[in-house]
Every structure is written in C-alpha cells, then in structure tokens.
Amino acid sequence: MPGTALIGAQWGDEGKGKLTDLFAEQMDMVVRATGGDNAGHTIVVGDETYKLRLLPSGILYPHVVPVIGNGVALNPGVLLAELQGLTDRGINVSRLRISANAHLVMPYHRELDKVTERFLGRNKLGTTKRGIGPAYADKARRIGVRLQDLFDEKIFRQKVEIALKDKNQILTKLYNRMPLDIDAIMEEYFSYASSIEKYMADTSLLTNDALKAQQKVLFEGAQGTLLDIDHGTYPYVTSSNPTAGGMCVGAGVGPRALNRIVGIAKAYTTRVGGGPFPTELFGEEGAHLRKIGREFGTVTGRDRRCGWLDLPILRFAVRINSFNSFALTKLDILSEFDSLKVCVGYEYNGKRYDEMPFHQSVLHHVSPLYEILPGWQTDITQCTEYDQLPKEAMDYVAFVEEHAGVPVDIVSVGPERAQTLLRKTA
Ligand code: GDP
Ligand code: IMO
Ligand code: MG
C-alpha cells in the first residue's frame, strides 16, 4: 500500500510542514493524525508564507484531499479561522475531510492548561496553552466530546455538562477561578456546527479506500519523537503519540499502511518549553544559533532553545519509528561555522552512554560527548543537486547516516520548495 509517513525525529519544528508540502505535490491525500493546534507548520511558496496549525500541509494543492484523522485534538474555532484565512488567500479548502471521532478541544481545556501551568510554577512544562493536554486527558478518562457529538444537541449538552461539572469544581475550588458557563459554551460550539458538518466523514474508511485504490497517501507528523507521551522526555512531552505507531492509531490505518517512514531531523537541535536537552547551548552561543536559524515558535512566538545535533537521539528515533530514512533540514544554517560539534554519546558519573539513557534523572545530568567536524563556510542555499554541496557538508551528512543507522535521502538547504536536494534513493 502506497503510504508514506513524515515523522519528527527530535522535539518538533524539524521542518515537517516544508517537507509535507513538498511531498504533497505527488500525493492524492495528506493526513494529519496526531496533536492539535499546538503544532505550527510553516510552508514557504515564493513570496507567500503559510503557517498551519490544524490543517494538513497538503491543503495548498488543489489535487490533494486533506484529512484530519480521529487522533487529532480539534479546536473548532481555530479550525474555522484557519480555513477562513486560507480561503481569503484564494485556497480552495472544500476537499477537507475531518474524522467524526476527533475529540474537541473545549474552552475549559484551554483554561485548565493555563491555570495548571501557572500552578506548577518553576516546574511548569512550558505547554503551548492550547488545551491539548486536558483534552487528551478527558479522552482517556472517557469524558471527552467528539466532533460527531456536536450534531446531537441533547447528547452534546449532556456530555459537556458531565465534563464541566468537575472542571468547574477544580477551577473554582483549587485554582480560585470563575466557573465557566455551559450556555455560553453551547452557544459558541453550536455556532460552529453548521460550518463544519460538510467536512465530517469516516476518514478511516476514506483513507483505507484510497490506499486500496493505490492512491498515494502521505501522513504528516506533528510534534516529534522526543515529545511522545510514552517515548519522549516525560513529563516534558505532549499528551499524544506523535510517533509512527500513533500515526496509525490516529489515522485509523494498520501498520502495513506505512510502507515508507521518513524521519525529519534538523541538522542541529531545538526544543520549546521545559525538559532535558543535553546538547543545549546557553548564553551567546545559544542566542546566536537561535538568531541565524530564526528559531522562534510558530504558535507561541517563544524562543526555541538551540543546541548541536544529538545522534543518540536520532538513533533512538529510528528505533521507535522504524524510519527507512531521514530528511535532514536546515543544513544551510550551519554554513557559517568553521567547525561543528556533533554529540555521539553521553557521560555521567564516569559512565559512558552510547544510547539515550532510559532513566530521566540521568538524561537530565549527562554531559554530551562531542566529535568535531570541519565546517564548509560556503553558502549552500543555491545548491540544486546533492553533488553540488561542499565536501565537508557531504561528510556531515555521511556522519549522521553512519551514526543514525539509516540513509539521509533528502537534504534541505532553505525554507523554499526548491531548496531541497533529493539523493538518488529518495
Ligand atoms: P514543523 O513544525 O516541523 O513544520 O517546523 P516549523 O515550521 O515549526 O519550523 C521550521 C522552520 O524552518 C520554518 O520556519 C521553515 O520555513 C524553516 N525551514 C524548513 N526547512 C528549512 C531549511 O532547510 N533551511 C532553512 N533556513 N529554513 C528551513
Ligand atoms: P510542531 O508540529 C515544538 C511542546 C511544547 C511543550 C510540550 C507540551 O510544530 O513540531 P502541549 O501544548 O503539546 O501540551 O505542550 O510540547 N510542543 C511542541 N514543540 N513543536 C511542536 O509542534 C510542539 N507541540 C507541542 O512546547 O514543551
Ligand atoms: Mg512547528
């Protein structure tokens, strides 16, 4: 079955949007299956920049069916605003299909995300405050509200009443906040219903039918492997499984639907929010990488923490996702350095770790072991073929392949579609 998945290999913002958009040209369908509007995917087409949170990046092509799967936490207000924004820019969004089983992000989820973060003080996770964690928590507690519920007024009210009852207790008694009013929520959400109904579908059936008919389906990852609630740097993670397994669950397809799984990795490392980050650069060094890489959050505008490439993390991501290959992005950002540090392992208490240590306390305290590779100090943003890269840049890519254990078959040297070098295997 012709399914391809693009999965973030680090802590998100690896360039999934750019590559999804690029791949989408060849695709019939592009599916978002995980996360919600905590994602921020940037696509640059000529002078136009699109920042998508919920919509699949394939939506820009008229021949692509964009799909939002059951695994997505859907904020309907954000969705409609995003659709309107694209419509205003001349994009036809009518092909969109959204799973009836997608869980809705409700106003109380956002409110709880904000107050719990505040309550955690210096232990806060640094979430995007989009209500994603509380929405997935309600899903797991079986008091979530799904898109399909919006079309049965009685059921919807009943479900929201149940969920809101304990939320209001928590908000007022624990956090000293005002309770939320059910009627206001009903009014807001029913006002969305008529605009969304036409998009609602059995997206699992749609996707499987497309695969059966040998259509090309692309599964667009959100977040990244190290933000996975099971495999990431818990508790500094998101509340879903943005890895390949989660992609299947969130799209309603079996594992054999993914016959090509590409890890998207930045040529260095960034993360937003709290949590361990062994190769992080601080002070001027970190600020410089942030500046040249323009590492500011798409969704929240927050500074991204920046550091050198961490290969044990990429190896880990290969293991968790069964990557066939990598796409290495933002290689151009490293062009100015005369030498480049690459983390090949860690050290803690006199012990060497070649793999990511499973114990979180160890990961918090490890020192990275670096190898130093020569830089190329040449502008590579105009390269159109892999062979045009300077030798040092190719050596950097080869070093990644050797340590990560799978080939790098795509190298990205700028935000534009054309700034992508496909190797013979891609
Ligand atoms: P995503 O969340 O994985 O889709 O990534 P984001 O869109 O949040 O962040 C990636 C940023 O890097 C965006 O601003 C992209 O336009 C930009 N970008 C992607 N690939 C490249 C590249 O190869 N070089 C440069 N300079 N920028 C890139
Ligand atoms: P894309 O798809 C980077 C991070 C947040 C925070 C943690 C939990 O653009 O790569 P959440 O709001 O999900 O409960 O926050 O996860 N995070 C992301 N970081 N890129 C993302 O998405 C992210 N989505 C969530 O910063 O540390
Ligand atoms: Mg992003």
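Here the structure is a predicted model, which is why all the values come from computation and not from measurement.

**Student:** Explain the pairing of strand β16 (residues 339-348) here, please?
**Tutor:** Strand residues, when the strand is regular, have side chains that alternate between the two faces of the sheet. Here strand β14 (residues 309-310) pairs with β16 via two bridges, running parallel. Bridge pairing links Asp310 to Cys343 in β16. Across eight bridges, the pairing between β16 and strand β18 (residues 367-374) is antiparallel. Across the sheet, residue Leu340 finds its bridge partner in β18, namely Leu373. Strand direction decides the pairing type here: β16 and strand β17 (residues 351-353), joined by three bridges, are antiparallel. Bridge pairing links Tyr346 to Tyr353 in β17. Here β16 folds back onto β17 in antiparallel fashion, the turn holding two residues, of which Asn349 has a positive phi close to 55°.

**Student:** Got a minute to help me understand the domain arrangement of the protein in this structure?
**Tutor:** Accessible area lost upon the coming together of the parts is a frequently used measure of interface size. Domain boundaries in the protein define domain 1 (3-99 + 200-262), domain 2 (103-196) and domain 3 (265-422). Using C-alpha coordinates to define each centre, domain 1 is positioned 23 Å away from domain 3. At the junction of the two partners, domain 1 supplies 38 residues and domain 3 supplies 42 residues. The contact between domain 1 and domain 3 buries some 3,200 Å² in all, and 60% of this surface belongs to carbon and sulfur atoms. When the buried surface of domain 1 facing domain 3 is broken down by residue, Gln10, Trp11 and Lys18 rank first, second and third, together holding 22% of it. If you look at where domain 1 meets domain 3, you find three salt bridges. A salt bridge links Asp409 to Arg260; the nearest nitrogen and oxygen atoms lie 3.5 Å apart. At the junction of domain 1 with domain 3, the criterion picks out 18 residue pairs in polar contact (both at pLDDT 80 or more). Breaking the side of domain 1 that touches domain 3 down by element, the ones donating at least two residues are α1 (16-24), β3 (41-45) and β11 (260-266).

**Student:** What's the story with the site of ligand 1 in this structure? I'm lost.
**Tutor:** What surrounds ligand 1 is a group of 19 residues, the closest being Lys16, Gly17, Thr42, Asp332 and Ser412. Contact distances for ligand 1 include 2.8 Å between an oxygen atom and a backbone N or O atom of Gly15. One nitrogen or oxygen atom from the main chain of Lys16 is found 2.7 Å from an oxygen atom belonging to ligand 1. A total of 590 Å² of accessible area belongs to ligand 1 in isolation, and the protein chains cover 91% of it. Here the residues of the shell around ligand 1 are counted per class, giving four nonpolar, eight polar and seven charged. Counting only domains with at least three residues in the shell around ligand 1, you end up with domain 1 (3-99 + 200-262) and domain 3 (265-422).

Calculation criteria
Residues numbered from 1 in each chain as written. Chains lettered and ligands numbered in written order. Predicted model: local features only at pLDDT ≥ 70, side-chain atom pairs only at ≥ 80, totals over all residues. Heavy atoms only, no water. Pairing = 2+ DSSP bridges. Helix = DSSP H or I, 4+ residues; strand = E, 2+ residues; numbered from the N terminus. Domains from an automatic or database assignment. Contact = heavy atoms within 4.5 Å. Buried area = accessible area lost by both parts, 1.4 Å probe. Salt bridge = Lys/Arg side-chain N within 4 Å of Asp/Glu carboxyl O. Polar contact = N/O pair within 3.5 Å; in protein donor to acceptor, adjacent residues only side chain to side chain. Near = heavy atom within 4 Å. Areas by Shrake-Rupley, 256 points an atom, 1.4 Å probe, with all protein chains shown as cover. Nonpolar A, V, L, I, M, F, W, Y, C, P; charged D, E, K, R; others polar.

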